[in-house]
Amino acid sequence: MRQNPSFAFTDVAELRRLIDRNPWVTLVSATPEGLTASHYAVLLDEGREDLTIVGHVGRPDDAIHGLGERELLVVVQGPHGYISPNWYGDGPAVPTWNFVSAHLSGVPEILSPEENLAVLDRLVARFESRMPDPRMMWERPNDADFVTKLERGTVGFRLTPTKVVAKRKLSQNRPDDVVETIIGELSGDGPFRNPALAAVMRRSQDARAAARAGDAG
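Residues numbered from 1 in each chain as written. Predicted model: local features only at pLDDT ≥ 70, side-chain atom pairs only at ≥ 80, totals over all residues. Heavy atoms only, no water.

1. Describing the overall build of the chain
In terms of helices and strands, the chain carries 6 helices and 8 strands. In sequence order, the chain lays out its α and β elements as α-β-β-β-α-β-β-β-α-α-β-β-α-α. Dimensions along the principal axes, computed over C-alpha positions, put the chain at roughly 65 × 45 × 40 Å. The proportion of buried residues among the 217 residues of the chain is 42%. Contacts in the chain between residues at least 24 apart in sequence constitute 70% of all its contacts with a sequence separation of at least 6. In the form shown here, the chain has an accessible surface area of approximately 12200 Å², with 53% of it arising from carbon and sulfur atoms. Side-chain charges in the chain split into 25 positive and 30 negative, and the spacing between the mean points of these groups amounts to 3 Å. (Helix = DSSP H or I, 4+ residues; strand = E, 2+ residues; numbered from the N terminus. Buried < 20%, exposed > 50% of the residue type's maximum accessible area, 1.4 Å probe, protein only. Contact = heavy atoms within 4.5 Å. Areas by Shrake-Rupley, 256 points an atom, 1.4 Å probe, with all protein chains shown as cover. Lys, Arg positive; Asp, Glu negative; His and termini not counted. Charge placed at Lys NZ, Arg CZ, Asp CG, Glu CD.)

2. Structural notes on the side chain of Thr36
Within the secondary structure layout, Thr36 lies in strand β2 (residues 34–44). Excluding residues that lie within four positions of it along the chain, Thr36 makes contacts with Leu27, Val28, Ser29, Thr31, Ile64 and His65.

3. Details of the pairing of strand β1 (residues 24–31)
The two faces of the sheet receive side chains in turn, since in a regular strand these alternate between them. Going residue by residue along β1, you find Val25, Leu27, Ser29 and Thr31 tucked away on one face and Trp24, Thr26, Val28 and Ala30 left uncovered on the opposite face. With 8 bridges connecting them, β1 and β2 associate as antiparallel partners. Bridge pairing in β2 links Thr26 to His39. Connecting β1 to the antiparallel partner β2 that follows it, the hairpin turn spans 2 residues. (Pairing = 2+ DSSP bridges.)

4. Structural notes on the packing of helix α5 (residues 176–187) against helix α6 (residues 195–216)
One way to put it is that α5 packs onto α6 with a least axis distance of 8 Å and a crossing angle of 155°. Relative to α6, the element α5 is oriented roughly antiparallel. For the element pair α5 and α6, the recorded crossing hand is left-handed. Counting all contacts with α5, which are made through Asp176, Val179, Glu180, Ile182, Ile183, Leu186 and Ser187, the residues of α6 involved are Pro195, Leu197, Ala198, Met201, Arg202, Gln205, Arg208 and Arg212. Partitioning the contact of α5 with α6 into residue classes produces 8 nonpolar, 2 polar and 5 charged. (Axes fitted to C-alpha atoms, helices over the stretch in contact; angles between N-to-C directions. Parallel < 35°, antiparallel > 145°, perpendicular 65-115°, else oblique. Left-handed = near helix turned anticlockwise from the far one by under 90°. Nonpolar A, V, L, I, M, F, W, Y, C, P; charged D, E, K, R; others polar.)

5. Some remarks on the nonpolar core
Grouped together as the largest cluster of nonpolar side chains are 35 residues, with contacts concentrated most on Leu27, Ile53, Val74, Val76, Ile182, Leu186 and Met201. The leading source of residues in this core is α5, at 5 residues. When neighbours within four sequence positions are excluded, Ile53 is seen to be in contact with Ile19, Val42, Leu43, Leu44, Asp45, Val74, Leu104, Phe157, Arg158 and Leu159. Listed in part, the 6 residues of the second largest apolar core include Ala41, Leu43, Val54 and Val119. (Core = buried A, V, L, I, M, F, W, Y, C linked by side-chain atoms within 4.5 Å.)

6. Examining the pattern of salt bridges
By the definition in use, this model includes 12 salt bridges. The partner of Asp20 in a salt bridge is Arg126, with the nearest N and O atoms 3.4 Å apart. Here Asp20, found in helix α1 (residues 12–21), pairs with Arg126, found in helix α3 (residues 113–128); they are 106 residues apart in sequence, far enough to count as distant. For Arg126, a relative accessible area of 29% corresponds to the partly exposed category. Salt-bridge contacts for Arg202 lead to Asp206; the nearest nitrogen and oxygen are separated by 3.3 Å. (Salt bridge = Lys/Arg side-chain N within 4 Å of Asp/Glu carboxyl O.)

Encoded structure:
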């Protein structure tokens, strides 16, 4: 991903927030047969405060990606959406696309079966806990044999990225009044309504305003 200093995204706490809220990622690796991409859910490593992630792939994706042997690129895609030139005012303008994305690269570490089971357990709990009647991984009708067989069909990994390229293109190059108009349009009921993107833009806009106020003080 080509970086643009105006849209660079380097704050670790905000990047962790991005990963936590957008766990469905794309895994990309270069193989002897060419580029390969897969899609899986990941979690932040609960024992770390950096951008280390944990996850799993189903067999034989581990062999296809050369997991643990070759560099893996993990693409995290946050909220994104179309921005109409009508929202810029009366001057010349063309449409664009606002987005938040991060690319994490490194050679992953393969987890032991016990570590992989713990990650699978966390993954199920993360999403199933929102259900009115959650069914956790170790609860009946699942039994230990079923869960163990499930684990054997997967390979867990931990990736501490050695390279991070992240971009947050949220109309930062536009005047405040234009940004407010865009947020309003994304929050409304028009054809390009996008509350998730509007919320990220609001968070960014408020942070920039607070930073300017701090600089002025």
